[in-house]
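Spelled out, the chains give:
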Amino acid sequence: MTQRKSPLSILILGIGDFFSKYYYHSSFVILLDGRPVFVDCPDPLPMMLHAASQKSGVSLGLNDVDHVILTHLHGDHANGLESLGFYSRFFRHKKPIIYTIPEVERAIWENRLKSSMGPLTNDEFERVGEMKLEDFFRLRILRPGRSHSILGMKIKIRHTKHFIPCFGFKVSYKGRSFGYSSDTTFDPAHIDFLADCDMILHETNKGGHTEYEKLLSLPPALRKKMMLIHIYDDFNIRRSEIPVAEEGKLYFI
Ligand SMILES: [Zn+2]
């Protein structure tokens, strides 16, 4: 990874796991010549964006969220969808695009958002209709084995080994490339998929996630371009041989 200016950069919003007292949930923004593509949508999204903006000087708020890559539906990656959807519809009159896999498409409305976002009421709070996912968001399906494009960025995805359907991805833009493991157990085939990227953001945690010690077994050249995310609170950042991503920091790739 490099700190010189590059058309491709990432701004880290959160590095923690679901249970963190110290960090926001793992999430970041890919910046393509400054245009933001958000990766996952945790709570509290407005606070995370504000905090990262203050620290980095990159001004981002709910008004800027038009493109979201949604890796899976665990709450620490998806609980911000309601605030994003309500805000975008009622304050911006816009529908952010969610890029995800068919498994998430099948569940996102019926199993996650419908009970809160579905009812349409009048001024007396009487039910007068039913909202649909399409009233809040547009969906674009990503499929493994294919190359897709988001704002001129090429993206390829790969399913991960996780408790629910989930995918990691790699992107390329103007000659630079970046890979994200997303939530996964230690999976050499998944790391192979990401290995040709200029920078790799890899998760680490316990209990079904990728153990830090296993990442240490990787070749030094691969470790050198890797940063960690999705840590548990007691993870020793200072002693980590692989650097941990920093909330609110902008990394040029
Ligand atoms: Zn997860």
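Scroll up to find the structure this text is about.
Residues numbered from 1 in each chain as written. Predicted model: local features only at pLDDT ≥ 70, side-chain atom pairs only at ≥ 80, totals over all residues. Heavy atoms only, no water.

Asks: Looking at this structure, I do not really get the overall build of the protein chain. What am I missing?
Replies: The secondary structure content of the protein chain amounts to 7 helices and 15 strands. Principal-axis analysis of the C-alpha atoms places the extent of the protein chain at approximately 65 × 40 × 35 Å. Within the protein chain, the fraction of its 253 residues that count as buried is 53%. The long-range share in the protein chain, meaning contacts at least 24 apart out of those at least 6 apart in sequence, stands at 61%. Accessible area of the protein chain: about 11600 Å², with a carbon and sulfur share of 50%. Taken together, the 33 basic and 30 acidic charged side chains of the protein chain have centroids lying 8 Å from each other. (Helix = DSSP H or I, 4+ residues; strand = E, 2+ residues; numbered from the N terminus. Buried < 20%, exposed > 50% of the residue type's maximum accessible area, 1.4 Å probe, protein only. Contact = heavy atoms within 4.5 Å. Areas by Shrake-Rupley, 256 points an atom, 1.4 Å probe, with all protein chains shown as cover. Lys, Arg positive; Asp, Glu negative; His and termini not counted. Charge placed at Lys NZ, Arg CZ, Asp CG, Glu CD.)

Asks: I would appreciate a short explanation of the coordination of the zinc ion in the present structure.
Replies: Octahedral six-donor coordination of a metal ideally yields angles of 90 or 180 degrees, compared with 109.5 degrees for tetrahedral four-donor coordination. Looking at the metal site, the zinc ion is ligated by His 72 (NE2), His 74 (ND1), His 162 (NE2) and Asp 183 (OD), spaced 2.2 to 2.3 Å from it. Note that the zinc ion binds 4 donor atoms; their angles at the metal cover 88 to 168 degrees, and the shape is irregular. Positions of the donor residues of the zinc ion, expressed as sequence spacing, correspond to H-x1-H-x87-H-x20-D. Here His 72 is found in the loop between β4 (67-69) and α2 (75-78), whereas its partner His 162 is found in the loop between β10 (153-159) and β11 (167-173), with 90 residues between them in sequence. By relative accessible area, which is 0% here, His 72 ends up buried. (Donors = N, O, S within 2.8 Å, 3.2 Å for Na, K, Ca; no water. Tetrahedral: all angles 85-135°; square planar, octahedral: opposite > 155°, others 65-115°.)

Asks: Could you clarify how one ought to interpret the sheet that holds β4 in this entry?
Replies: Two orientations exist for strands paired in a sheet by backbone hydrogen bonds: parallel and antiparallel. Strands sit in the order β8-β5-β4-β3-β2-β1-β15 across an open sheet of 7 strands; the sheet is mixed. The two strands at the open ends of the sheet, each matched to only one other strand, are β8 (138-141) and β15 (250-252). For this sheet the average axis-to-axis angle between neighbouring strands, irrespective of direction, equals 25 degrees. The pairing of strand β1 (residues 8-14) with strand β2 (residues 27-32) spans 6 bridges and is antiparallel. From the neighbouring strand, Ile 10 faces β2, where its bridge partner is Ile 30. In the packing of helix α4 (residues 102-117) onto the sheet, the strands contacted are β5 (97-100) and β8, and the crossing angle to β5 comes to about 130 degrees. (Pairing = 2+ DSSP bridges. Axes fitted to C-alpha atoms, helices over the stretch in contact; angles between N-to-C directions.)

Asks: What exactly am I supposed to notice about the nonpolar core here?
Replies: For soluble globular proteins, the rule of thumb is that nonpolar side chains tend to be buried together. Counting 80 residues, the largest nonpolar core has Ile 10, Phe 28, Ile 30, Ile 69, Phe 169, Phe 178 and Leu 201 as its most contacted members. Per-element accounting of this core gives the leading share, 6 residues, to α4. If sequence neighbours within four positions are ignored, Phe 28 has contacts with Ile 10, Leu 11, Ile 12, Leu 13, Val 37, Phe 38, Val 39, Phe 169, Phe 178, Tyr 180, Leu 201 and Ile 229. (Core = buried A, V, L, I, M, F, W, Y, C linked by side-chain atoms within 4.5 Å.)

Asks: Looking at this model, I keep getting lost on the side chain of His 77. Mind explaining?
Replies: The residue His 77 is located in helix α2 in this model. Exposure remark for His 77: the relative accessible area of 0% places this residue in the buried category. Here the side chain of His 77 touches His 230 through a polar contact of 3.5 Å, side chain to side chain. Ignoring any residue separated from it by four or fewer positions in sequence, one finds His 77 in contact with Ser 26, Asp 40, Cys 41, Pro 42, Leu 70, Thr 71, His 72, Tyr 180, Asp 183 and His 230. (Polar contact = N/O pair within 3.5 Å; in protein donor to acceptor, adjacent residues only side chain to side chain.)

Asks: Even after reading the chapter, I still don't get the packing of aromatic side chains, so can you show me in this structure?
Replies: Any pair of aromatic rings gets described here by the distance separating the centres and the angle formed by the planes. Taken as a whole, this structure holds 11 aromatic pairs when the rule is applied. Ring centres 6.3 Å apart and planes at 20 degrees place the aromatic pair Phe 86 and Phe 90 in the stacked group. A residue pair is termed a helical-turn pair when its members lie 3 or 4 positions apart in one helix, as Phe 86 and Phe 90 do in helix α3 (residues 81-92) at 4 residues. Taking the relative accessible area as the measure of exposure, Phe 86 reaches 28% and is therefore partly exposed. Relative to Phe 235, the ring of Tyr 232 has its centre 5.7 Å away and its plane inclined at 80 degrees; by these criteria the two rings are edge-to-face. The exposure class of Tyr 232 is partly exposed, given its relative accessible area of 22%. Just above the ring of Phe 193 sits the side chain of Lys 170; from NZ or CZ to the centre is 4.7 Å. (Phe/Tyr/Trp six-rings, centres within 6.5 Å; stacked < 30°, edge-to-face > 60°. Lys NZ or Arg CZ within 6 Å of the ring centre and 35° of its normal.)

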